[in-house]
Protein chains: 2
Amino acid sequence: MTDQRLEDVLGRLRDEGVRVTLPRRAIVSALLGGGHGHVTAENVTAEVQGEHPEVHASTVYRTLDTLERLGVVYHVHLAHGAAVYHLAEDAHLHLVCASCGVVIEVPEDVFHTLADGLHQGFRFTPEVRHFALSGHCDRCLPR
Amino acid sequence: MTDQRLEDVLGRLRDEGVRVTLPRRAIVSALLGGGHGHVTAENVTAEVQGEHPEVHASTVYRTLDTLERLGVVYHVHLAHGAAVYHLAEDAHLHLVCASCGVVIEVPEDVFHTLADGLHQGFRFTPEVRHFALSGHCDRCLPR
DNA sequence: ATAATTGCAAAGTCTTTGCAGTTTG
DNA sequence: CAAACTGCAAAGACTTTGCAATTAT
């Protein structure tokens, strides 16, 4: 019943000299448990506070930063609102419809051609993970 | 000496039933005058207030919205900070280095292949103008 | 005249920060 | 025990909004 993935992550924290505290344990649990990606810091806070109401939002932000530094999670800006967090192992790219907000997840390799072109033409290496690509899904296509 | 482009824009406002006021005149002037793109609402406000200190930032935001609705300007989110505004006629895409912040402007057609691929594969039409593409320029490339 | 627009102040959203007290290793 | 971490409250950056007074048409 002890979640192995939880222990793995906590082990990684300890290996890095990062202390394992009750808030961190709860936050990592929430991330692993919620599972299905796209959680905001606020979502995580709410979930954690269900069990541990004393854990403050600022701690959640700080912990998410720490986890990102360690490569456990990363965050994406989907649109104008709050950033969403993912487990790093679930890495993928995001297409967001500017009208209806639907999020389409796509594998990274879809961008290879573009990345090659940008690198050759402009000496620029895109990092398409960190910001979603805005646009329109077919049903919201203007006109 | 009367700026023809200014009068053109103001004419467009009137045609749309939008009133031409002193703040709007000053804001459009600032956009046309500053010229070289990438201005934030705050930049515009500062410039306008040089001549007309009574014009309030909220008016600038409202006017920029109006101008965007009319297709005179559009705004882009370069990174985490404030949005930047462009004259619509200067439309182009933006690559932003996450390390040094340099902004590289590229023609839209660089994205055609990607756009076709996304449309065929995911029924999604990217609108690459509204958010910059984050990444790293060669001199900031990690590792 | 009258509907649009403005200035102002206040609020709103998301996130960060300073600090004193608490906890981990 | 020392260094790391936390809760709290406050601030910070950017933008939006409600409203009464003003202004363009």
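Residues numbered from 1 in each chain as written. Chains lettered and ligands numbered in written order. Predicted model: local features only at pLDDT ≥ 70, side-chain atom pairs only at ≥ 80, totals over all residues. Heavy atoms only, no water.

**Some thoughts on the pattern of salt bridges**
All names here are of chain A. Filter applied, for reference: Salt bridges, as used here, are contacts in which a Lys or Arg side-chain nitrogen is within 4 Å of a carboxyl oxygen on Asp or Glu. Strands here are runs of E lasting at least two residues and helices are runs of H or I lasting at least four, both read from the DSSP assignment and numbered beginning at the N terminus.
Scanning all chains against the criterion turns up eight salt bridges over all chains. The partner of glutamate 108 in a salt bridge is arginine 129, with the nearest N and O atoms 2.8 Å apart. Taken together, the positions of glutamate 108 in the loop between β5 (103-106) and α5 (112-122) and arginine 129 in the loop between β6 (124-126) and β7 (133-137) put the pair 21 residues apart, joining distant regions of the chain.

**Observations concerning helix α3 (residues 41-51) of chain A**
The α-helix advances 3.6 residues per turn, and as a result positions three or four apart in sequence lie on the same side. Residue and element names in this part refer to chain A. Stated precisely, the cut-off is as follows: For every residue, the accessible area obtained with a 1.4 Å probe (protein chains only) is divided by the maximum for its type, and the residue is called buried under 20%, exposed over 50%, and partly exposed between those limits. By construction, the arc corresponds to the directions joining the helix axis to the C-beta atoms.
For α3, the complete set of buried residues consists of Ala41, Val44, Thr45 and Val48. Seen along its axis, α3 keeps its buried residues to an arc of 100 degrees; they face one direction. Among the exposed residues of α3, those oriented more than 90 degrees off its buried face are Glu42 and Gly50.

**Observations regarding the sheet that holds strand β1 (residues 39-40) of chain A**
All names here are of chain A. Note the threshold: For two strands to pair, DSSP has to find at least two bridges joining them. Between two residues, a contact is recorded if the distance between any of their heavy atoms is within 4.5 Å. A fitted line through C-alpha atoms serves as each axis, taken over the contacting stretch for helices, and the angle formed by two N-to-C directions is quoted from 0 to 180°.
The antiparallel open sheet is built from three strands, whose spatial order is β1-β3-β2. Two strands in the sheet have a free side with no partner beyond their single neighbour: β1 and β2 (73-76). Those strands touched by helix α4 (residues 57-69) are β2 and β3 (84-87), and its axis lies near 110 degrees from that of β2.

**A few points about the interface of chain B and chain A**
Definition in use: Once two parts are put together, the accessible area they lose, assessed with a 1.4 Å probe and summed over both, is termed the buried area. Two N or O atoms count as a polar contact when they lie within 3.5 Å, although within protein this holds only if one can serve as hydrogen donor and the other as acceptor, and sequence-adjacent residues are included solely when both atoms are side-chain atoms. Ten residues, namely Ala, Val, Leu, Ile, Met, Phe, Trp, Tyr, Cys and Pro, are considered nonpolar, four, namely Asp, Glu, Lys and Arg, are considered charged, and the remaining ones, Gly among them, are considered polar.
With 33 residues of chain B in contact, the opposing surface of chain A contributes 33 residues. Looking only at chain B, the three residues that lose the most surface to chain A are Phe122(B), Phe124(B) and Phe131(B), adding up to 21% of its buried area. At the junction of chain B and chain A, the tally comes to two salt bridges. Its salt-bridge partner being Arg123(A), residue Asp138(B) comes within 3.3 Å of it at the nearest N-O pair. In this structure, the connection of chain B to chain A is made through 10 residue pairs in polar contact (both at pLDDT 80 or more). In terms of residue class, the side of chain B that touches chain A is made up of 19 nonpolar, 10 polar and four charged. Inspection of the sheet shows β6(A) paired to strand β7 (residues 133-137) of chain B by three bridges, in the antiparallel sense. Within β7(B), the position partnered with Thr125(A) by the bridge is His136(B).

**Overview of the packing of aromatic side chains**
Quick reminder of the rule: Any pair of Phe, Tyr and Trp rings, taking the six-membered ring for Trp, is counted once the centres come within 6.5 Å. Such a pair is stacked with planes under 30 degrees apart, edge-to-face with planes over 60 apart, and tilted for the rest. The rule is short: NZ of Lys or CZ of Arg within 6 Å of the ring centre and within 35 degrees of the ring normal puts a charge over the ring.
Using the criterion set out here, one finds zero aromatic pairs over all chains in the structure. Sitting over the face of the ring of Tyr74(A), Arg129(A) holds its NZ or CZ atom 5.3 Å from the ring centroid.

**Focus on the relation of the copies chain B and chain A**
Stated formally: Copy-to-copy superposition: least squares on the C-alpha atoms, limited to residues that have pLDDT of at least 70 in both copies.
The two copies are related by a screw motion: chain B maps onto chain A through a turn of 180 degrees and a shift of 0.0 Å along the axis, at an RMSD of 0.0 Å. Within this description, the copies of the chain are treated as partners about a two-fold rotation axis. Across chain B, the smallest distance between a C-alpha and the rotation axis is recorded for Leu114(B), namely 3.1 Å. The overlap is high: 100% of the interface residues of chain B also sit at the interface in chain A, so the same surface is used on both sides.

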